[in-house]
Every structure is written in C-alpha cells, then in structure tokens.
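Observations on the three-dimensional arrangement
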Amino acid sequence: MLAAEYTIRELLLRIAEGDEKAFSKLFGLYRDRLYSYLLKITKSRSIAEEATLDIFMKIWNGRALVPEIRNFDAFLFRILQNCAIDYLRKAKRDRLQQLEIWEDLENLVAPQADERLLHAEIEGTIRKVIDRLSPQRRQAFYLSREENLSYDQIAQKMNLSRNTVRNHVSAALDFIRGNLDNGMNIGSFLLFWMIS
C-alpha cells in the first residue's frame, strides 16, 4: 500500500523529473510482486531478480514518457507479461526447462487435472482463435510455429516479402493474445506451441 504522502501519479511525475527517491518508492511498492511472478515462470531466482531489475531500468530509462501512463498497474503487467514471454521463447530451446514450466503451469491451473485433458483443452481453445485468422495470416502463423520455418523460408513458400510474413505472424500473435478466454493465459499459449 502506498504511503499517504504520494499517489502513484505523483510518484510518476516526480520520476519523470529524475527524482531517484520517488523511483525507489515505486520500486519498493512493486518489486516483490514482479519478482514473485517471474520466479513462478522462470524457476530461477537469479533470472527473476535480473528480469525484475531490467523492468525497472526500462522504466527509469524511459522516465520522460512515464507521465503519459494512465494505468500504471496495467502498463507494468504488460511489461511483465512481455518479459515472461521472452523467457518462454528462450526456454523453447531447452526441453527439460519446457517440461518444468509445463508442470508448474498445470499445478497453478488445475492441480489434479489429467495432462492430456488439459493439453487438449488448451489446444482446442487456441485453435478456435487461430481459425478466426485470415487464411494467409493463419498459413504464415502455422508455417512459423508448426513447421518452425524462418521468415525467409515462409516468404519464399508463400511468395511474399519477409516483412509481410513478419507482419502476418506478429499480427496473428497479437490477435490470439487479444482473443483468448479470460481463463487462458499467454503462458499456456506459448507452452502449447513449444511442447506440441
């Protein structure tokens, strides 16, 4: 809980002016929550700590724009979510790490759920959203995620430019993120694509 002397808005205005004490207060307010969330995702104290510090360094380095943030909690959660997504993307190359993350996700989502049933439910939810993509965007997305082709390979296969392919895949991810059910999070989505 924020001390009565400052509101979040006032802290952000002070941070924009370079006030390090205000920044320290903001850090103290959010550090533990961010760290706890990242620790659940990464299973590594050092990675969670490094990512937490990195998030706050980005805020400090971009402090001139901080007053424009209308909902700081939502803004911070978006940065946190992107950080977790980056970590999960890196984990894609490490099968053991994938399985550990998947196991943790199962424990958080449904402790007694049968793995195949949970996986099928996640897959069904994601596929319904993907089916709503335009045919070309859906094809680019599948070639990227299921066939693991590079943007250059997809561009050649679909007779498109590399930038068009990149835009299609990026737009598909944004669409999927924005259209998942409330109970379905982006971590589940990424894990599904890494493990399946």
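Residues numbered from 1 in each chain as written. Predicted model: local features only at pLDDT ≥ 70, side-chain atom pairs only at ≥ 80, totals over all residues. Heavy atoms only, no water.

Quick look at the confidence of the model for the protein chain
To keep things clear, this is the line we draw: A score between 0 and 100, pLDDT records how confident the predictor is in each residue. Helix numbers and strand numbers start at the N terminus; a helix is a DSSP run of H or I with at least 4 residues, a strand a run of E with at least 2. Whether two residues are in contact is decided by their heavy atoms: any pair within 4.5 Å suffices.
The predicted model of the protein chain averages 76 in pLDDT, with 71% of residues at 70 or higher. The lowest-confidence element of the protein chain is helix 10 (residues 186-195), averaging 47 in pLDDT; the highest-confidence one is helix 8 (residues 151-158), averaging 92. Note on residues 181-186: pLDDT is under 50 here. Beyond four places in sequence and across chains, it has 10 contacts. Low pLDDT, under 50, characterises residues 189-196; the stretch is placed with 35 contacts to residues that sit more than four places away or in other chains.

Concerning helix 3 (residues 45-61)
How we decide: In a helix, the anticipated span is given by 1.5 Å times the number of residues less one. Here the term buried applies to any residue with accessible area under 20% of the maximum for its type, exposed to any over 50%, and partly exposed to those in between, with areas from a 1.4 Å probe on protein chains only.
Compared with the 24 Å implied by 1.5 Å per residue over 17 residues, the 24 Å span of helix 3 between its first and last C-alpha is a close match. Considered for burial, the residues of helix 3 that qualify are Ala48, Ala51, Thr52, Ile55, Phe56, Ile59 and Trp60.

Some points on the environment of Leu143
For Leu143, the location among the structural elements is in helix 7 (residues 135-145). Residue classification places Leu143 among the buried positions, given a relative accessible area of 5%. Distance in space between the C-alpha atoms of Leu143 and Val169 is 9.4 Å, their sequence separation being 26 residues. In this structure Leu143 touches Asn148, Leu149, Ile154, Lys157 and Met158, once residues within four positions along its chain are discounted.

Thoughts on helix 1 (residues 8-16)
Rule in force here: The arc in question is the one spanned by the directions pointing from the helix axis to the C-beta atoms.
The set of residues buried in helix 1 consists of Leu11, Leu12 and Ile15. For helix 1, the buried positions fall inside an angular range of 100 degrees around the axis, keeping them on one side. Residue Gly18 follows helix 1 closely and has a positive phi angle near 90 degrees.

Things to note about the pattern of salt bridges
What counts is decided by this rule: Any Lys or Arg side-chain nitrogen found within 4 Å of a carboxyl oxygen on Asp or Glu counts as a salt bridge.
Applying the stated criterion across every chain yields a total of four salt bridges. In this structure, Asp54 engages Lys58 in a salt bridge whose closest nitrogen and oxygen atoms are separated by 3.5 Å. Of the two residues, Asp54 and Lys58 are both situated in helix 3; the distance of four residues between them amounts to about one turn of the helix. For Asp54, a relative accessible area of 36% puts it in the partly exposed group.

A look at the packing of aromatic side chains
To be explicit about the condition: Ring pairs are drawn from Phe, Tyr and Trp, using the six-membered ring of Trp, whenever the two centres fall within 6.5 Å, and their geometry is named by plane angle: stacked under 30 degrees, edge-to-face over 60, tilted for the rest. Placement of a positive charge over a ring is assigned whenever Lys NZ or Arg CZ falls within 6 Å of the ring centre and within 35 degrees of the normal to the ring plane.
Applying the stated criterion across every chain yields a total of seven aromatic pairs. Judged by centre distance (6.2 Å) and plane angle (80 degrees), the rings of Phe23 and Phe56 are edge-to-face. One end of the pair, Phe23, is in helix 2 (residues 20-42); the other, Phe56, is in helix 3, with 33 residues separating them in the sequence. The pair formed by Phe23 and Phe56 is uniform in burial state, with each residue classed as buried. Feature note: the residues Phe23, Phe27, Phe56 and Trp60 constitute an aromatic cluster, connected by ring pairs. Geometry around Trp60 places Arg63 over its ring, the cationic atom sitting 4.1 Å from the centre.

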